[in-house]
Each structure stands twice: as C-alpha cells, then as structure tokens.
Amino acid sequence: AAYIAALRASSPGHAVWKAFKIRSLDDLDAANASSADLVLLDINMPGINGLDLIQQIRAIDDMVSFIIISGYDNFEYAKRAMQYGVQQYLLKPCNRRQIIEAIQSVKNSRQKQELLISLKTENLYLKRRFHDTMQNQFLLEVFSGSQDTASIIHSYEKLLAPDGGAFSLLYITYLEERYSRDLAR
C-alpha cells in the first residue's frame, strides 16, 4: 500500500495506477500486461518468480518498463534482470524518495524513447516527401525538353537514389523521334 501511495505521488494527474495480484504465470492476464507502461515487482513472490514474470510480459509487449524492488542483492539476479531490460533495481528496504526517483528515471527514459521514435517517423515521412518532390521535378525537367536528358539524369542521380540504390527511367527520346518520323511519312 505504501508503494502505491508513493507511485501516485510521483506523477499526480498523469497516471492510472493499478495493482494486480499474480500468484502464478497462469494468472498473468495478457490484456493487463500489454496495457501497462511500467511494472513494479519483486523477484521472490509467492508462487512466482519475478524474473520469469518479466520474461512472460516481455513476450507480450516489449515496450513495458520494469522496476524491481527486491531484498536480493545477488548479482546473478541483477544480471538476469538487466538481460530482460529491467531499468531500475531497488534493494529493500527502500524509501518513498528512492521509488519516486526510480519511476521518474523510467518516465524520463520512456519520454526520450518516444521522442526519438517520433523524430525518426517524422524524418522518414520528410524523406519520402522530398523524394516524391524530386521525382516530380525530375520528370518535369525531362519532359520540358529544356536540357539534355543525360545531364538532367546526372544532376538528379544522387537525389533520387541517395543510398546508392537504383532508380529506373525509361528513356523515351527514341520513341518520340521514331513517332515523329512515322507521322512525317
């Protein structure tokens, strides 16, 4: 109960805190686990090992963050917890300030992750828009006939295939010349 009070105090108005009793892996409700952003748990709980529970939750949702509050200071437990991506490992007895600091640390880390994902998504979107714009501009220049097609291709080559990839162009000059000759006959 003291832990839940500390949790609520750490971010008033910004979180919905729920406590669940899980006595075995069978009690793990996939819907509850996958909707959690943060799970606080002990390693040694009646009927279940916290590290096994983390592994099961990770299989459902790899974005969940974990804080372990445990009386075990065994390095093997901490090492295994790190392998499962546990962000904080607090030793009992811990006080309210330590819990709040751990939660704040996880919250800050998650916010940075979310910002990074958002920036990567926006960057990808902008790259696609730029690429589409360059394709359109390239086609306008090729079809306008104002420049030699080979020089236009050369000037757009790196813009249309920036990663050294390929782009395809059907060179239609020959078709135009042949069509013009056929019309002249």
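Residues numbered from 1 in each chain as written. Predicted model: local features only at pLDDT ≥ 70, side-chain atom pairs only at ≥ 80, totals over all residues. Heavy atoms only, no water.

Visitor: Would you mind going over the environment of phenylalanine 130 in detail, with residue names and values included?
Guide: With respect to the helices and strands, the residue phenylalanine 130 is situated in helix 5 (residues 96-144). In this structure the C-alpha to C-alpha distance between phenylalanine 130 and leucine 160, which are 30 residues apart in sequence, comes to 9.4 Å. (Helix = DSSP H or I, 4+ residues; strand = E, 2+ residues; numbered from the N terminus.)

Visitor: Tell me about the confidence of the model for the protein, residues and numbers included.
Guide: Scored by pLDDT, the protein comes out at a mean of 78, with 69% of its residues at no less than 70. Within the protein, the lowest mean pLDDT, 52, falls on helix 2 (residues 30-34), and the highest, 92, falls on strand 5 (residues 88-91). (pLDDT = per-residue confidence, 0-100.)

Visitor: Got a sec to walk through the nonpolar core? Specific residues and values, please.
Guide: In terms of nonpolar packing, the biggest core is built from 16 residues, with Val39, Leu41, Leu51, Ile54, Phe66 and Ile68 touching the most fellow members. Going through the elements one at a time, strand 1 (38-41), helix 3 (50-60) and strand 4 (65-70) are the ones with two or more residues in this core. Considering each element in turn, this core owes the most residues, four residues, to helix 3. Excluding residues within four positions of it along the chain, isoleucine 54 makes contact with Leu41, Phe66, Ile68, Tyr84 and Val86. Counting nine residues, the second-largest nonpolar core is a separate cluster that includes Leu38, Cys94, Ile103 and Val106. (Core = buried A, V, L, I, M, F, W, Y, C linked by side-chain atoms within 4.5 Å. Buried < 20%, exposed > 50% of the residue type's maximum accessible area, 1.4 Å probe, protein only. Contact = heavy atoms within 4.5 Å.)

Visitor: So what's going on with the packing of helix 5 against helix 6 (residues 149-160)? Which residues, and what values?
Guide: Where helix 5 contacts helix 6, the two axes come as close as 10 Å, and the packing angle between them is 180°. In terms of orientation, helix 5 lies roughly antiparallel with respect to helix 6. Every residue of helix 6 that contacts helix 5 at Phe130, His131, Met134, Gln135, Gln137, Phe138, Glu141 and Val142 is listed here: Thr149, Ile152, Ile153, Tyr156, Leu159 and Leu160. (Axes fitted to C-alpha atoms, helices over the stretch in contact; angles between N-to-C directions. Parallel < 35°, antiparallel > 145°, perpendicular 65-115°, else oblique.)

Visitor: Residues and numbers for the sheet that holds strand 1, please.
Guide: The three strands lie next to each other as 1-4-5, forming an open sheet whose pairing is parallel. Looking at the sheet topology across the chains shown, the edges are occupied by strand 1 and strand 5. The sheet shows a mean angle of 15° between the axes of neighbouring strands, taken without regard to direction. When strand 4 meets strand 5, the two strands line up parallel, connected through four bridges. Within strand 5, the position partnered with isoleucine 68 by the bridge is tyrosine 89. (Pairing = 2+ DSSP bridges.)

Visitor: Break down the packing of aromatic side chains for me, citing the residues and quoting the values.
Guide: Under the counting rule described, the total for this entry stands at one aromatic pair. Taking the centre distance of 4.9 Å and the plane angle of 55° together, the rings of tyrosine 72 and tyrosine 77 count as tilted. (Phe/Tyr/Trp six-rings, centres within 6.5 Å; stacked < 30°, edge-to-face > 60°.)

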